[in-house]
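Coordinate analysis (summary)
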Amino acid sequence: MNRESFAAGERLVSPAYVRQGCEARRSHEHLIRLLLEKGKCPEDGWDESTLELFLHELAIMDSNNFLGNCGVGEREGRVASALVARRHYRFIHGIGRSGDISAVQPKAAGSSLLNKITNSLVLDIIKMAGVHTVTSCFVVPMATGMSLTLCFLTLRHKRPKAKYIIWPRIDQKSCFKSMITAGFEPVVIENILEGDELRTDLKAVEAKIQELGPDNVLCVHSTTSCFAPRVPDRLEELAMICANYGVPHIVNNAYGLQSSKCMHLIQQEMFSYLSIQLKKLSEAYNERLLHTPQNPISLAVTLKTLDEHRDKAVTQLGSMLFTRQVSGARVVPLGSVQTVSGYTFRGFMSHTNNYPCAYLNAASAIGIKTQDVDLFIKRLDKCLKTVRKEQNSQSDVSRADNDETEDVDIEETGLKLENVILDTHQDSSS
């Protein structure tokens, strides 16, 4: 409603009441105006009524929502289901134009405006997270694999001779398949073990660039966020190597904004809390929390005592946690072999061929709460007790079987001796 509408309303309702309602609406409009002017996240989050007002105002700017609109083109923003229309606030047109996803769509001024403000807000969030040098970004509905594939295909135009991508190993299928999909040959660089941590082999990366020739290398493809005991790649050192040889450096930073340099103090506190609780529990079962200080999100606990008894006990623990509604935690057994796009990886999920032990992962990601940690520790404790109890019962059965076998052997030996003595006595009597 505008001023004229409120003035007309004063003929029906007390002007004092209408003016009060008008002022209330202005407070919503003030928030919207500040958002459009600054393009930054508000210090205080909006209430739902302001959000819905903003979305509805934008939606009626799209031509498919015009009263009396007559659309005869190929792209008119029609929708068959009213349920789908309501779910998306009647934003049906989409964004961009043919060949340019960032272009303004003339038939969808509201959708285009929403897209521009979304990009601006995400850019502000990235800067608040600590990446101050970023200058632009755009939001598209793509996950890790397709995003990386498009990056590699874009580089192809600048480096037409290149056919290799040097890739410090990270056992995650999407990033590996992205290189295959883009038509390049991955060159896997195995990680090196430093203490408990798996770290980037910088010498091997540089040696491979020299061996293949810089012009034949499309890029070095590194990773930040990962499961312990693997830690983020040595980005600064890799960047220096790439700069020295004129090779591009693509960083897979999926989930990377959660890292310690970027996350808030409360997130660091939650990581410490999870670390302390896991350390206590692991020691109670003669295990230990792996020392991986370079990984600020993911933690790992050894499962040596389970793996020594039975390989299946490790995977059984993972299944038990999943059925008890513990999501995100994962167990990594020894010796797993996986083939991805024709490439065979030994020790898959552990990011190396021969990690010293099986282990369990848990992560302190954005949004985790103390209650989540406490419930996880409680359920993990119960699962470990159950697995240990089953192992002990199987050991008792095995020992009982051995004792019975030994008793039978003794009895058989005794019978044989008796027969020998009897035969000897009979021979001497005759």
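Residues numbered from 1 in each chain as written. Predicted model: local features only at pLDDT ≥ 70, side-chain atom pairs only at ≥ 80, totals over all residues. Heavy atoms only, no water.

This part takes up the packing of aromatic side chains. On inspection of all chains with the given rule, the structure shows seven aromatic pairs. Judged by centre distance (5.8 Å) and plane angle (80°), the ring pair of tryptophan 46 and phenylalanine 54 falls under edge-to-face. Side by side, tryptophan 46 and phenylalanine 54 carry an identical accessibility label, which is buried. When the ring of phenylalanine 176 is compared with that of tyrosine 343, the centres are 5.1 Å apart and the planes differ by 80°; the resulting orientation is edge-to-face. Separated by 167 residues along the polypeptide, phenylalanine 176 in helix H7 (residues 173–181) and tyrosine 343 in strand E10 (residues 343–346) bring together distant segments of the chain. We classify phenylalanine 176 as buried; its relative accessible area is 1%. (Phe/Tyr/Trp six-rings, centres within 6.5 Å; stacked < 30°, edge-to-face > 60°. Buried < 20%, exposed > 50% of the residue type's maximum accessible area, 1.4 Å probe, protein only. Helix = DSSP H or I, 4+ residues; strand = E, 2+ residues; numbered from the N terminus.)

With an omega of 15°, the peptide bond running from alanine 228 to proline 229 counts as cis. Tracing the backbone shows proline 229 in the loop between strand E5 (217–223) and helix H9 (235–245). Look at serine 341: it is not a glycine, yet its phi comes out positive at around 50°. Taking the relative accessible area as the measure of exposure, serine 341 reaches 39% and is therefore partly exposed.

Bringing the packing of helix H2 (residues 15–38) against helix H3 (residues 48–59) into the picture now. Helix packing for two helices is described by the angle between their axes and how far apart those axes are. The geometry of H2 relative to H3 is characterised by a closest axis approach of 10 Å and an angle of 65° between their N-to-C directions. Relative to H3, the element H2 is oriented roughly perpendicular. The way H2 lies across H3 gives a crossing that is right-handed. Note on element contacts: H3 touches H2 through Ser49, Thr50, Leu53, Phe54 and Glu57, opposite Arg25, His28, Leu31, Ile32, Leu35 and Leu36. Its residues assigned to classes, the contact of H2 with H3 shows six nonpolar, three polar and two charged. (Axes fitted to C-alpha atoms, helices over the stretch in contact; angles between N-to-C directions. Parallel < 35°, antiparallel > 145°, perpendicular 65-115°, else oblique. Left-handed = near helix turned anticlockwise from the far one by under 90°. Contact = heavy atoms within 4.5 Å. Nonpolar A, V, L, I, M, F, W, Y, C, P; charged D, E, K, R; others polar.)

A complete count under the given rule lists two cavities of 30 Å³ or more for this structure. By volume, the largest cavity is sized at about 90 Å³. Contributing to the lining of the largest cavity are 15 residues, with Glu287, Val301, Thr302, Leu303 and Leu384 lying nearest its centre. Sorting the residues of the lining of the largest cavity by element identifies helix H10 (265–284), strand E7 (298–302), helix H11 (304–309) and helix H13 (370–429) as the ones contributing at least two each. One number sums up the size of the second largest cavity: a volume of about 30 Å³. Along the walls of the second largest cavity sit Ile95, Ile101, Ser102, Asn115, Asn119, Phe138, Val139 and Val140, which together make up its complete lining. (1 Å grid on protein atoms, 1.4 Å probe; cavity = no way out; pocket = protein on both sides within 12 Å on 5 of 7 lines; lining within 4 Å. Points joined across faces, edges and corners; volume = space filled by probe spheres on them.)

With that settled, the discussion passes to the side chain of glutamate 197. Looking at the element boundaries, glutamate 197 is found in strand E4 (residues 197–199). Buried charge without a partner: glutamate 197 forms no salt bridge, and the closest opposite charge is arginine 199, 4.3 Å away. There is a polar contact of 2.8 Å between the side chain of glutamate 197 and the backbone nitrogen of glutamine 294. With residues near it in sequence (within four places) discarded, glutamate 197 still touches Ile192, Pro229, Val231, His291, Thr292, Pro293, Gln294 and Asn295. (Lys, Arg positive; Asp, Glu negative; His and termini not counted. Salt bridge = Lys/Arg side-chain N within 4 Å of Asp/Glu carboxyl O. Polar contact = N/O pair within 3.5 Å; in protein donor to acceptor, adjacent residues only side chain to side chain.)

This paragraph deals with the confidence of the model for the protein. Looking at the protein as a whole, its pLDDT mean stands at 87, while 88% of the residues score no less than 70. The lowest-confidence element of the protein is H13, averaging 66 in pLDDT; the highest-confidence one is strand E1 (residues 164–168), averaging 98. The model gives residues 260–266 a pLDDT under 50, and that stretch makes ten contacts with residues more than four places away or in other chains. Segment residues 413–417: pLDDT under 50, and zero contacts once partners within four positions in sequence are set aside and those in other chains are kept. (pLDDT = per-residue confidence, 0-100.)

This brings us to H2. Taking 1.5 Å as the rise per residue, H2 with 24 residues should run 34 Å; its terminal C-alpha atoms sit 34 Å apart, in good agreement. The secondary structure elements touched by the buried residues of H2 are helix H1 (3–9), H3 and helix H5 (109–128). Following H2 by one or two positions, glycine 39 adopts a phi angle in the positive range, close to 65°. (Expected span 1.5 Å × (residues − 1).)

Turning next to the pattern of salt bridges. Side chains that differ in sign of charge can pair as their charged atoms come close. Under the criterion given, the structure shown has 13 salt bridges. The shortest N-O distance in the salt bridge between arginine 33 and glutamate 37 comes to 3.1 Å. Linking arginine 33 with glutamate 37, this pair stays in helix H2, spanning four residues, or about one helical turn. Beyond isolated ion pairs, a larger network of salt bridges with shared partners links Arg25, Glu29 and Glu57.

Turning next to the sheet that holds strand E6 (residues 249–252). With parallel pairing, the four strands of this open sheet are ordered in space as E2-E1-E5-E6. Whereas interior strands pair on both sides, the edge strands pair on one side only; in this sheet they are strand E2 (185–189) and E6. Across the sheet, the mean angle from the axis of one strand to that of its neighbour is 25°, orientation sign disregarded. Here four bridges tie E5 to E6, and the two strands are oriented parallel to one another. (Pairing = 2+ DSSP bridges.)

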